[in-house]
Amino acid sequence: MQTTRALRYHQEGTPGEVLTLETMELPAPESGQVLVKTLAAPVNPSDLGQVAGVYAILKPRPAVAGNEGLGEVIETGDGVEEFQPGDWVRVPAESGTWREHLVADAADLMPVPNDLPLEQAAMAFVNPPTAWRMLRDFVDLERGDWILQNAATSAVGRYVIQLARLSGWKTFNVVRSERGAAAVRDAGGDAVVMEGTDLKKAVAEHAADRRPRLALNSVGGESAIALTRALAFGGTLVTFGGMTGDPVRFPTRQLIFNDLRLRGFWVTRWLQEAPGRELRAMHDYLFDLIRMGKLFAPVAAAYSLDDYKKALAHANEPGRGGKVLFMPNS
Ligand SMILES: NC(=O)c1ccc[n+]([C@@H]2O[C@H](COP(=O)([O-])OP(=O)(O)OC[C@H]3O[C@@H](n4cnc5c(N)ncnc54)[C@H](OP(=O)(O)O)[C@@H]3O)[C@@H](O)[C@H]2O)c1
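Everything numeric in this text was worked out from a predicted model, so none of it was measured.

Trainee: Talk me through the sheet that holds strand β9 (residues 146-149); I want residue IDs and the actual numbers.
Mentor: The strand order across the open sheet formed by six strands is β11-β10-β9-β12-β13-β14, and the pairing between neighbours is parallel. In this open sheet, the two strands that pair with only one neighbour each are β11 (191-194) and β14 (261-264). The mean inter-strand angle of the sheet, taken between neighbouring strand axes irrespective of direction, is 20 degrees. As paired elements, β9 and strand β12 (residues 214-217) share three bridges and run parallel to each other. In the sheet register, L148 faces β12, and the bridge partner there is A215.

Trainee: How would you sum up the domain arrangement of the protein? Please name residues and give values.
Mentor: Partitioning the protein into structural domains gives domain 1 (2-123 + 297-326) and domain 2 (127-268). One C-alpha centre belongs to domain 1, the other to domain 2; they are set 31 Å apart. With 14 residues of domain 1 at the contact, the number on the domain 2 side is 10 residues. Between domain 1 and domain 2, roughly 820 Å² of surface is buried when both sides are summed, and carbon and sulfur atoms account for 53% of that area. One can count one residue pair in polar contact (both at pLDDT 80 or more) joining domain 1 with domain 2. Class assignment for the residues of the side of domain 1 that touches domain 2 results in eight nonpolar, four polar and two charged.

Trainee: Got a sec to walk through the site of the ligand? Specific residues and values, please.
Mentor: In the vicinity of the ligand there are 25 residues, among which T153, F265, V267, G319 and K323 approach most closely. The backbone of F240 places a nitrogen or oxygen atom 2.9 Å from a nitrogen atom of the ligand. Take F265: an N or O atom from its main chain is 2.8 Å from a nitrogen atom of the ligand. Notes on the ligand: free accessible area 930 Å², of which the protein chains cover 86%. Counting residues per element, the ones that place at least two in the shell around the ligand are α4 (127-137) and α5 (155-167). In terms of residue class, the shell around the ligand is built from 12 nonpolar, 10 polar and three charged. Looking at the shell around the ligand, you find at least three residues from each of domain 1 (2-123 + 297-326) and domain 2 (127-268).

Trainee: Give a description of the pairing of strand β3 (residues 33-42) that names residues and reports values.
Mentor: Look at any regular strand and the pattern is simple: side chains alternate between the two faces of the sheet. Across the 10 residues of β3, nine count as buried, placing the element largely inside the fold. Here β3 pairs with strand β7 (residues 101-105) via five bridges, running antiparallel. Pairing of V36 across the sheet is with L102, part of β7. Inspection of the sheet shows β3 paired to strand β16 (residues 323-326) by two bridges, in the antiparallel sense. If you follow P42 over to β16, its bridge partner there is L325.

Trainee: Talk me through the side chain of E68; I want residue IDs and the actual numbers.
Mentor: Of note, E68 is situated in the loop between β4 (63-64) and β5 (70-76). With no salt bridge to any partner, buried E68 finds its closest opposite charge in R90, at an N-O distance of 5.7 Å. Here N44 takes part through its side chain, which lies 2.9 Å from a polar atom of the side chain of E68. In contact with E68, other than residues within four places in its own chain, are A41, P42, N44, R90, T97, A122, M123, A124, F125, V126 and N127.

Trainee: Any chance you could break down helix α12 (residues 308-315) for me, citing the residues and the numbers?
Mentor: For α12, the complete set of buried residues consists of Y308, A311, L312, H314 and A315. Viewed along the axis of α12, the buried residues span an arc of 160 degrees, placing them on a single side of the element. Within α12, the exposed residues directed more than 90 degrees away from the buried face are K309 and K310. In this fold, the buried residues of α12 make contact with β1 (2-9), α1 (15-18), β2 (19-26), α2 (45-52), β15 (299-303) and β16.

Trainee: Can you tell me about the pattern of salt bridges, naming the residues and giving the values?
Mentor: For the coordinates displayed, the defined rule picks out 12 salt bridges. One salt bridge connects R165 with D190, and the closest N-O pair in it is separated by 3.4 Å. Note that R165 is positioned in helix α5 and D190 in the loop between α6 (178-186) and β11, a separation of 25 residues in sequence. For D190, a relative accessible area of 36% gives the class partly exposed.

Trainee: Requested: an account of the sheet that holds β1, with residues and values cited.
Mentor: Adjacent strands of a sheet form backbone hydrogen bonds with each other and so pair up, either parallel or antiparallel. The antiparallel open sheet is built from three strands, whose spatial order is β2-β1-β4. Only two strands of the sheet have a single partner each, and these edge strands are β2 and β4. Bridge count between β1 and β2: eight bridges; the pairing is antiparallel. Its bridge partner being in β2, T3 is matched across the sheet by E25.

Rules and cut-offs
Residues numbered from 1 in each chain as written. Predicted model: local features only at pLDDT ≥ 70, side-chain atom pairs only at ≥ 80, totals over all residues. Heavy atoms only, no water. Pairing = 2+ DSSP bridges. Helix = DSSP H or I, 4+ residues; strand = E, 2+ residues; numbered from the N terminus. Axes fitted to C-alpha atoms, helices over the stretch in contact; angles between N-to-C directions. Domains from an automatic or database assignment. Contact = heavy atoms within 4.5 Å. Buried area = accessible area lost by both parts, 1.4 Å probe. Polar contact = N/O pair within 3.5 Å; in protein donor to acceptor, adjacent residues only side chain to side chain. Nonpolar A, V, L, I, M, F, W, Y, C, P; charged D, E, K, R; others polar. Near = heavy atom within 4 Å. Areas by Shrake-Rupley, 256 points an atom, 1.4 Å probe, with all protein chains shown as cover. Buried < 20%, exposed > 50% of the residue type's maximum accessible area, 1.4 Å probe, protein only. Lys, Arg positive; Asp, Glu negative; His and termini not counted. Salt bridge = Lys/Arg side-chain N within 4 Å of Asp/Glu carboxyl O. Arc of directions from axis to C-beta.

The structure is reproduced here in structure tokens:
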């Protein structure tokens, strides 16, 4: 039997301590199965949270880490007609994506067009749908509307800026470094301010024409409070991440006198519950934008699995300016 390697953990804990690069058996694909080679897989905050045991979904252990990734079909078992060698697929989250190969049931694989830029395709399944749904599903936005967001340097933040511009909406972005501010301006952010700025005042100056009715929060704590204060009457704060780990609190006055709405969003649930047709339409739309170069996130660096400790340290660096990817077979 052939072997393959993967980053696995046997107990939850600090990723750099509990992950190990392990050699595992790789069976030949049986009837209805395919053998897939992983091309690229990002390190997302939720992957690290899952290994640490603080995410909503925890994998049965031992588990292969990573939830997003792109693979190429290498071999097909009997009876597989929907895939052939060379096709691209999403590596299923449940199998773990920080691995060289996997054998999977063909029925569990999502096809991916293989004319997309490879690195962008590997990051197409989580953050672009998150940005797209949050812009669509909470507030009925009109052209010229402003959207507030913190952690604007994040991949989700970049996608929000790009998708908002395509729809004629403007983004008011909060970042935590001057370097991040310059990057977000270059990426097309309409207004950019630093964390700690009087956001309500800044919004009143720049966006007095239309106070924002939607704010997207992935930071928590004081940053989230600042977003709520800057929202228009009846505005909605959507929380989808908590990078500081600080709870989301709200000013009582805002809630009462400004009819503030507090919502949460988790793309995993949306993807599980969406009707197949809606899901395919969204992916096709986002894949088209990626193909045209209108939707992309920067990549900070790509690592082999052998260099996983360096990759994890890089992923934890403030201001890394892009995603850290594993390219397990390059
Ligand atoms: N709910 C959902 O369905 C869903 C889906 C996708 C993502 N998310 C969440 O969305 C967030 C962004 O994900 P991503 O993959 O786009 O992230 P990413 O590209 O890895 O970027 C991380 C971002 O967090 C910022 N950050 C880190 N620590 C911070 C702190 N202590 N205070 C303020 N900002 C901090 C970074 O700022 P610097 O650039 O300055 O370092 C950067 O903007 C994460 O919390 C993730 O878990 C949620």
